[in-house]
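Close look at the chain arrangement
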Amino acid sequence: MTHQQTEIAVVGGGMVGGALALGLAQQGFRVTVIEKATPPAFEATAKPDVRISALSAASVDLLRGLGVWNAVLAMRAHPWRRLETWEWETAHVTFDAAELKLPALGYMVENNVLQLALWQALEANPNVTLRVPASITSLKRCDNAYQLELDNDEPLTAQLVVGADGANSQVRQMAAIGIHAWDYQQACMLITVECEEEPGESTWQEFTPDGPRAFLPLYDKWASLVWYDRPARIRQLQGLPLGQLQREISKHFPARLGKVTPVAAGSFPLTRRHALKYVKEGLALVGDAAHTIHPLAGQGVNLGYRDVEALLEVLVNACSYGEAWASEQVLRRYQMRRMADNFIMQSGMDLFYAGFSNNLGPVRMLRNIGLMAAARAGVLKRQALKYALGL
């Protein structure tokens, strides 16, 4: 059977894989994207997607550089300019875009809107071949390239394979790359709600011993609530009729939320994963395929976009110098740039999770003193914010 040829095969055309594939194609690489399903068409009158990403300013800059940000704005996106977090009312930490002289800290964007904007750009790029619906069934190294067998399409040969296929990455498993992983004793529920008033441009998070309660403002009168709790409790909430869920929200979220009407909800367990390595000869992992993080600070997709920027830069530079850009020697430069940064961010979120997941009096006092100190930290607080935003 004849194998079709490509320079780079990106397995997974979601928010991270789509951005990487587009960036590579714009730099002249011939790219094939393997994706299980085409994103659904955008409907302006439809309720917002339950899955929301809090894009940082740096992620927005990446999307703007790829030429897709205007397409996102033409559909739906909502700026957030202020972030508040607290446990005790006397221990608020507030981050404001004005502190960094930014127009916004970032944007709330529905995942399906972001994926669709990238997909449309991929469809329009002559250097991109889209294989959809398709998934890989085998991956073999042969003659300085990888051979990919697909479930319902012709086989493919690629100089470089990029796994952008999520937390349960087939590419990672087929490449026999191990992971460090453990489950948090928490699950997460996302609830789309309609508010009585417009939600404004502030996102906030209240810590409780059972887990945080967060508010993400969306367009018009829509918002998204994030409820962290024990897995059994989240399963119970997920099974409630929406009217009962509304009463639980009123009981357990702070009064500043006001009256909201839930219209949809989804939940997922929380697992920390980190690949033992990100690269092999002719293969690289990006985004959730390489690392997953507690979503406490909404850093998941933003770390994925930092991966995209780093891998793009490494490959383009290697190509410009005539190096073997798909070699493990070159790809390790990407791994060196990203592995430590991702580990630091994961560990930081783990510290927050551990520090705020109990109700011991002395620990509560220490963590709230820490929040009060952070609120008055001045330059250090701004530097922490810049790091979180990827600036």
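All values reported here derive from a predicted model rather than from experimental measurement.

On to the overall build of the protein. Along its length, the protein carries eleven helices and 19 strands. Counting only contacts in the protein whose residues sit at least 6 apart along the sequence, the fraction spanning at least 24 positions is 73%. Of the accessible surface of the protein, which amounts to about 17200 Å², a share of 53% is contributed by carbon and sulfur atoms.

Moving on to the packing of aromatic side chains. When we look at a pair of aromatic rings, we describe it by the centre distance and by the angle of the planes. Per the counting criterion, the structure on display carries five aromatic pairs. Judged by centre distance (5.1 Å) and plane angle (75°), the rings of Phe29 and Trp325 are edge-to-face. Linking Phe29 in the loop between helix 1 (15–26) and strand 2 (31–34) with Trp325 in the loop between helix 8 (300–320) and helix 9 (328–355), this pair joins segments that are 296 residues apart in sequence. We note that Phe29, like Trp325, is buried.

Angle between the axes and distance between the axes are the two parameters that describe a pair of packed helices. It is at 9 Å that the axes of helix 1 and helix 4 (residues 111–124) come closest, and there the two elements cross at 25°. Judged on the interaxial angle alone, helix 4 and helix 1 are roughly parallel. The element helix 1 and its partner helix 4 pack so that their crossing is left-handed. Contact residues: Met15, Gly18, Ala19, Ala21 and Leu22 in helix 1; Asn111, Leu114, Gln115, Leu118, Ala121 and Leu122 in helix 4.

A word on the nonpolar core. Counting 73 residues, the largest nonpolar core has Leu148 and Tyr305 as the members making the most contacts within it. Once residues within four sequence positions are removed from consideration, Leu148 is found in contact with Ala9, Val11, Ile34, Ile136, Ser138, Leu139, Pro155, Leu156, Ala158 and Val161. Counting residues in hydrophobic clusters, the runner-up holds 19 residues, among them Cys195, Trp227, Leu237 and Val260.

Judged by pairing direction, the sheet is mixed, and its eight strands sit side by side in the order 6-5-13-14-15-12-16-19 without closing on themselves. The open sheet is flanked by strand 6 (93–96) and strand 19 (291–292), the only strands paired with a single partner. Sheet topology note: the strand 12 (residues 179–195)/strand 16 (residues 260–275) ladder contains 14 bridges and is antiparallel. Bridge assignment links Glu194 to a residue of strand 16, and that residue is Thr261. Contacts between helix 7 (residues 242–252) and the sheet are confined to strand 12, strand 14 (213–217), strand 15 (222–229) and strand 16, with strand 16 contributing the most and set at about 70° to the helix.

Relative to the helices and strands, Pro103 is located in the loop between strand 6 and strand 7 (106–110). Taking the relative accessible area as the measure of exposure, Pro103 reaches 66% and is therefore exposed. Sequence separation between Pro103 and Arg81 is 22 residues, and the spatial gap between their C-alpha atoms is 7.4 Å. Excluding anything up to four places from it in sequence, Pro103 contacts Arg81 and Ala97.

Looking now at the side chain of Glu84. Secondary-structure assignment places Glu84 in strand 5 (residues 82–86). Separated by 3.1 Å, the side chains of Glu84 and Arg256 make a polar contact.

Let's shift gears to the confidence of the model for the protein. Per-residue confidence for the protein gives a mean pLDDT of 87; residues scoring 70 or more make up 86%. pLDDT under 50 marks residues 360–375. Its contacts with residues more than four places away, or in other chains, come to 28 contacts.

Moving on: the pattern of salt bridges. Proximity of charged atoms lets side chains of opposite charge pair with each other. Within the structure shown, the criterion is met by 18 salt bridges. For Glu110, the salt bridge identified is with Arg76, shortest N-O distance 2.8 Å. In this pair, Glu110 sits in strand 7 while Arg76 sits in the loop between helix 3 (69–75) and strand 4 (78–80), placing the two residues 34 residues apart along the sequence. The pair formed by Glu110 and Arg76 is uniform in burial state, with each residue classed as buried. Arg306 is paired through a salt bridge with Asp341; the nearest N and O atoms lie 3.0 Å apart. Separated by 35 residues along the polypeptide, Arg306 in helix 8 and Asp341 in helix 9 bring together distant segments of the chain. You'll find Arg306 and Asp341 in the same group, each marked buried.

Now for the pairing of strand 10 (residues 145–150). Two strands pair when backbone bridges link them, and strand 9 (residues 136–142) and strand 10 are joined in this way by six bridges, in the antiparallel orientation. Considered in strand 10, the bridge of Cys142 is made with Ala145. Taken together, strand 9 and the strand that follows it, strand 10, pair antiparallel across an intervening segment of two residues, in which Asp143 is found at a positive phi of about 55°. Summarising the sheet, strand 10 and strand 11 (residues 156–163) pair through three bridges and their orientation is antiparallel. Paired with Gln147 across the strands is Thr157, a residue of strand 11.

In this section: the side chain of Asn111. As for its position among the elements, Asn111 is in helix 4. The exposure class assigned to Asn111 is buried, which follows from its relative accessible area of 13%. A polar side-chain atom of Asn111 sits 2.7 Å from a polar atom in the side chain of Ser53. Beyond its immediate stretch of four places on either side in the chain, Asn111 contacts Met15, Asp49, Arg51, Ile52 and Ser53.

Basis of the calculations
Residues numbered from 1 in each chain as written. Predicted model: local features only at pLDDT ≥ 70, side-chain atom pairs only at ≥ 80, totals over all residues. Heavy atoms only, no water. Helix = DSSP H or I, 4+ residues; strand = E, 2+ residues; numbered from the N terminus. Contact = heavy atoms within 4.5 Å. Areas by Shrake-Rupley, 256 points an atom, 1.4 Å probe, with all protein chains shown as cover. Phe/Tyr/Trp six-rings, centres within 6.5 Å; stacked < 30°, edge-to-face > 60°. Buried < 20%, exposed > 50% of the residue type's maximum accessible area, 1.4 Å probe, protein only. Axes fitted to C-alpha atoms, helices over the stretch in contact; angles between N-to-C directions. Parallel < 35°, antiparallel > 145°, perpendicular 65-115°, else oblique. Left-handed = near helix turned anticlockwise from the far one by under 90°. Core = buried A, V, L, I, M, F, W, Y, C linked by side-chain atoms within 4.5 Å. Pairing = 2+ DSSP bridges. Polar contact = N/O pair within 3.5 Å; in protein donor to acceptor, adjacent residues only side chain to side chain. pLDDT = per-residue confidence, 0-100. Salt bridge = Lys/Arg side-chain N within 4 Å of Asp/Glu carboxyl O.

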